[in-house]
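Summary of structural features
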Amino acid sequence: MSEAATTPPPRRLGEIAGLRIVPRRYYGRWVAAALILLVLAWIVKAFADGQIAWEVVRQFFTAPAILSGLVNTVIMTACAMALGILLGVVFAIMYMSPNPVLRGVALLYIWFFRGTPLLLQLLLWFNLALVFPTIGIPGVVEWRTIDVIGPFMATLLGLGMNQGAYTAEVVRSGILSVDVGQTEAAKAIGMTRLTTLRRIVLPQAMRVIIPPVGNEVISMVKLTSIASVIQYSEILRNAQTVYYANARVIELLIVAAAWYLMVVTILQVGQFFLERHFSKGRGERRAKAAPAGESAA
């Protein structure tokens, strides 16, 4: 088809130039936004008009029992995540080991702790004395299990070992994301397997590992509330103890929710900066590679 046949006549071009540009109307978005605002306004009005003693919320927001539960929640989150990350790295390495025994143990660990409910695991640890009355080295040193595995230790073992199973899969995916050429180059210069993992693979895998582990830390803050069933004194359990005494149920639940949200918000900010730190080099490489790709095109 010739160029003259495809070119509009001058009169048609003038008509097109005189047309008014009308932006597209997104009526569905406006309707959805209006409905969401109405729902939010209804929720706010319900809380404002409801039988909520906001003075009680303010009074118990910094009550010693609530602050003590907050400290216990933060401590348990830190300890359980430290144990979970340590176990996750160890079992991820075992999972990828050529040794069939190590690989089998890692598979069994991940299978069990990912396949049973967390609440069940907490109850098992808390009642471990029914299976093992004493723990230690027989004939050398022994302790009564009921004295060792209290609410804190049962919660730590339950949350930490459960987290380790999930972290192992996260670490394994991060290690697999590193190009195999990095490992081969390290072997070529005489690095051992562990040295390669510590100095070459894991630093590069952190970019993939940090986001899901950050999410797991935030989840751990909330998972500590499950430990209230085995008498661990975290925020929710202490709030329940208070409202059992004064019957201010909704007020104490609001206090607990507010503290959870504050802790999670702080962790989200920390996760953001941590992710940006580990992705810094990748962003610079992309910025440098863009002009080269454009020039090549």
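Residues numbered from 1 in each chain as written. Predicted model: local features only at pLDDT ≥ 70, side-chain atom pairs only at ≥ 80, totals over all residues. Heavy atoms only, no water.

**What to know about the packing of helix α5 (residues 64-95) against helix α9 (residues 151-177)**
Each pair of packed helices can be described by the angle between their axes along with the distance between the axes. Filter applied, for reference: In this analysis, axes come from line fits to C-alpha atoms, helices being fitted only over the stretch in contact, and the angle between any two N-to-C directions falls in the range 0 to 180 degrees. What counts as a helix is a DSSP run of H or I of at least four residues, what counts as a strand is a run of E of at least two, and both are numbered from the N terminus. When an angle is under 35 degrees it counts as roughly parallel; over 145 it counts as roughly antiparallel; between 65 and 115 it counts as roughly perpendicular; any other value is oblique. If you view the pair so one helix is near and one far, a crossing is left-handed when the near helix is turned anticlockwise from the far one by less than a right angle, and right-handed when it is turned clockwise. Only Asp, Glu, Lys and Arg are considered charged, only Ala, Val, Leu, Ile, Met, Phe, Trp, Tyr, Cys and Pro nonpolar, and every remaining residue, Gly among them, polar.
Here α5 crosses α9 at 45 degrees, and the two axes come no closer than 6 Å. For the element pair α5 / α9, the angle class is oblique. By crossing handedness, the relation of α5 to α9 is classed as right-handed. Classifying every residue of the contact of α5 with α9 by side-chain character gives 18 nonpolar, 7 polar and 2 charged.

**Quick word on helix α11 (residues 193-223)**
For clarity, the cut-off: By definition here, a helix of n residues has an expected span of 1.5 Å times n minus one. The angle separating two fitted axes, one through the seven residues that finish at a residue and one through the seven that start at it, defines the bend at that residue. The classification of residues rests on relative accessible area computed with a 1.4 Å probe and restricted to protein chains. Under 20% of the type maximum is buried, over 50% is exposed, and intermediate values are partly exposed. When checking whether two residues touch, look at their non-hydrogen atoms; a contact exists if any pair is within 4.5 Å.
When the terminal C-alpha atoms of α11 are compared, their 36 Å separation across 31 residues is substantially less than the 45 Å that a helix rising 1.5 Å per residue should span. Bending of α11 peaks at approximately 50 degrees at the position of R207, with proline P211 no more than four residues after it. T196, L197, V201, A205, I209, I210, V213, G214, I218, M220 and V221 are the residues of α11 that are buried. The elements touched by buried residues of α11 are α5, α9, α10 (180-188) and α13 (249-278).

**Digging into the layout of surface pockets**
Any empty space left between the atoms is revealed when a probe the size of a water molecule rolls over them. How we decide: For each structure, a 1 Å grid was placed over the protein atoms alone; sets of points admitting a 1.4 Å probe that cannot get out are labelled cavities, open sets with protein on both sides within 12 Å along at least five of seven lines are labelled pockets, and lining residues have an atom within 4 Å of a point. Grid points are joined across faces, edges and corners, and a volume is the space filled by probe spheres set on the points.
Within this model, the largest pocket holds a volume of roughly 360 Å³. If you trace the largest pocket, you find 16 residues lining it, with M96, I175, T183, R193 and V201 closest to the centre. Counting only elements with at least two residues in the lining of the largest pocket, the list comes to α5, α9, α10 and α11. Across the lining of the largest pocket, the residue classes break down as 10 nonpolar, 3 polar and 3 charged. Approximately 310 Å³ is the volume found for the second largest pocket.

**Observations regarding the packing of aromatic side chains**
Convention followed: Note on aromatic pairs: the rings of Phe, Tyr and Trp (six-membered ring only in Trp) are paired at centre separations within 6.5 Å, and the planes decide the class, stacked below 30 degrees, edge-to-face beyond 60, tilted for the rest. Counted as over-ring charges are cases with an Arg CZ or a Lys NZ within 6 Å of the ring centre that also lie within 35 degrees of the ring normal.
One pass over the full model with this rule turns up 7 aromatic pairs. Taken together, a centroid distance of 4.6 Å and an interplanar angle of 15 degrees make the contact between F61 and W259 stacked. With a gap of 198 residues between them, F61 in helix α4 (residues 54-61) and W259 in helix α13 connect regions that are remote in the sequence. Put simply, the rings of F91, Y109, F112 and F113 pair up and form one aromatic cluster. Looking at R29, its charged tip hangs above the ring of Y26, at a distance of 3.9 Å from the centre.

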